[in-house]
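# Commentary on secondary and tertiary structure
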Amino acid sequence: MAENVRPRVKVPSTADAGGTVTIKTLISHQMESGQRKDDNGETIPRSIINRFVVDFNGENVIDVKMEPAISTNPYFEFEAKVPESGTFSFTWYDDDGSVYEDSKDITVS
Amino acid sequence: MTASLYGAVLLAALAAGAAYADEDADLVVNGEIEMTVRAPAPDHVEGLSEIMSGWLFRSDETQAVQMDDFDNPGMIFVDAGRETFNAEIGADGESCASCHEGPETLADVRPTYPKWDPERETVQTVEMQVNECVTERMNLPEWKYTGDDMVNMTALLASAARGKPVDVAIDGPAQSTWEQGKEMYYTRYGQLELSCANCHEDNYGNNIRADHLSQGQINGFPTYRLKNAKLNAVQSRFKGCIRDTRAETFSPGSAEFVALELYVASRGNGLSVEGPSVRN
């Protein structure tokens, strides 16, 4: 069971019409690979974020399948072209079934 | 033939150049907190003319990570510390926030510790002070000196003080402890017979194998290290350094390390508190 999971995103509040913005996202998560053993030699069960999705006004922007080799606290940074004012919504899917969400509004001037 | 050889030499020169840090850079965090990363050495530091933050010795990429709180992974732990600060974890439901309005009201703590505590008649580090609250006011078992709770809390206290100059007192009742720390700093330890000063005073700026030696300033602690992807307490770093000389080390929280921390902190009087900083 993942503990202390907290998503965070950074999106500029405004953008030029048709311009690109840099979006940064980070989620604190231990990303336990399932390959490690504890002090008693027992395998520590895998517990990772396995999918990360960003939508803009309901339209998919990126959809990432994530694998166990990804480091703790996964960080994604990407550029997006913003055609109109709207909302970016961010969703992370955990192995344990939890879903973490965040959203940010952006105004196009 | 000559041309390709020249090309190879040029490439090698470029590669070597890239490994070096920008020692002329200025550190401004989030575009607003201006840090003092170089300052005249305090009078009590005979071996240095200028004191320099460890940030200056890191590569451009590592430097950049510390310039934005979103990019700085150490801030994750600051947030965790803030949660603990507000959580009612005490035996009778006390939290840090029941006595202290917020971490911001404790901004003078990090710059002035380790500090003489007149009641206990000893020099106290931030960790010892936190543990005093944890055990006496919250009636909890004491936190491990370099455990997660403790490091997160010291990171929170450091972040509240960012930009303030380190200003530890070395005179008065703290002086004998400071002298003990100074003695340790210049003592050669371990099979390699290295003192702190051999690397961090005589050879800062040089490489020790692949490591670019800094002055060993501790104004940036606790430090997020890329090599272990977590926050590292200053006394854990001391332990690592002494271990690297192939000596039996002292334990974090020991009287020896408290004295060393006071002395090393005093060598950075005038630099800004940077914690949580980012290093490799």
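Please read all numbers here as calculations on a predicted model, not as lab measurements.

### Describing the overall build of chain A
Of the regular secondary structure elements, chain A holds zero helices and eight strands. If you list the helices and strands of chain A from N to C, you get β-β-β-β-β-β-β-β. Taking the principal axes of the C-alpha coordinates as reference, chain A spans close to 60 × 20 × 20 Å. Every one of the 109 residues in chain A was classed for burial, and the buried ones make up 38%. If you sum the accessible surface of chain A, you get close to 6200 Å²; carbon and sulfur atoms cover 44% of it. The centroid of the 11 positive side-chain charges in chain A is displaced by 4 Å from the centroid of its 19 negative side-chain charges.

### Quick word on the interface of chain B and chain A
Opposite the eight residues of chain B that make contact, chain A presents 12 residues. Here chain B and chain A share five salt bridges between them. Asp-68 of chain B is paired through a salt bridge with Lys-24 of chain A; the nearest N and O atoms lie 4.0 Å apart. Linking chain B with chain A are five residue pairs in polar contact (both at pLDDT 80 or more). Class assignment of the residues belonging to the side of chain B that touches chain A gives a composition of four nonpolar, no polar and four charged.

### Brief notes about the packing of helix α8 (residues 175-185) of chain B against helix α11 (residues 255-267) of chain B
All names here are of chain B. It is at 7 Å that the axes of α8 and α11 come closest, and there the two elements cross at 85 degrees. What the angle tells us is that α8 and α11 run roughly perpendicular. Here α8 contributes Thr-177, Trp-178, Gln-180, Gly-181, Lys-182, Met-184 and Tyr-185 to the contact with α11, which in turn contributes Ala-255, Glu-256, Ala-259, Leu-260, Leu-262, Tyr-263, Val-264, Ser-266 and Arg-267.

Definitions and limits used
- Residues numbered from 1 in each chain as written.
- Chains lettered and ligands numbered in written order.
- Predicted model: local features only at pLDDT ≥ 70, side-chain atom pairs only at ≥ 80, totals over all residues.
- Heavy atoms only, no water.
- Helix = DSSP H or I, 4+ residues; strand = E, 2+ residues; numbered from the N terminus.
- Buried < 20%, exposed > 50% of the residue type's maximum accessible area, 1.4 Å probe, protein only.
- Areas by Shrake-Rupley, 256 points an atom, 1.4 Å probe, with all protein chains shown as cover.
- Lys, Arg positive; Asp, Glu negative; His and termini not counted.
- Charge placed at Lys NZ, Arg CZ, Asp CG, Glu CD.
- Contact = heavy atoms within 4.5 Å.
- Salt bridge = Lys/Arg side-chain N within 4 Å of Asp/Glu carboxyl O.
- Polar contact = N/O pair within 3.5 Å; in protein donor to acceptor, adjacent residues only side chain to side chain.
- Nonpolar A, V, L, I, M, F, W, Y, C, P; charged D, E, K, R; others polar.
- Axes fitted to C-alpha atoms, helices over the stretch in contact; angles between N-to-C directions.
- Parallel < 35°, antiparallel > 145°, perpendicular 65-115°, else oblique.

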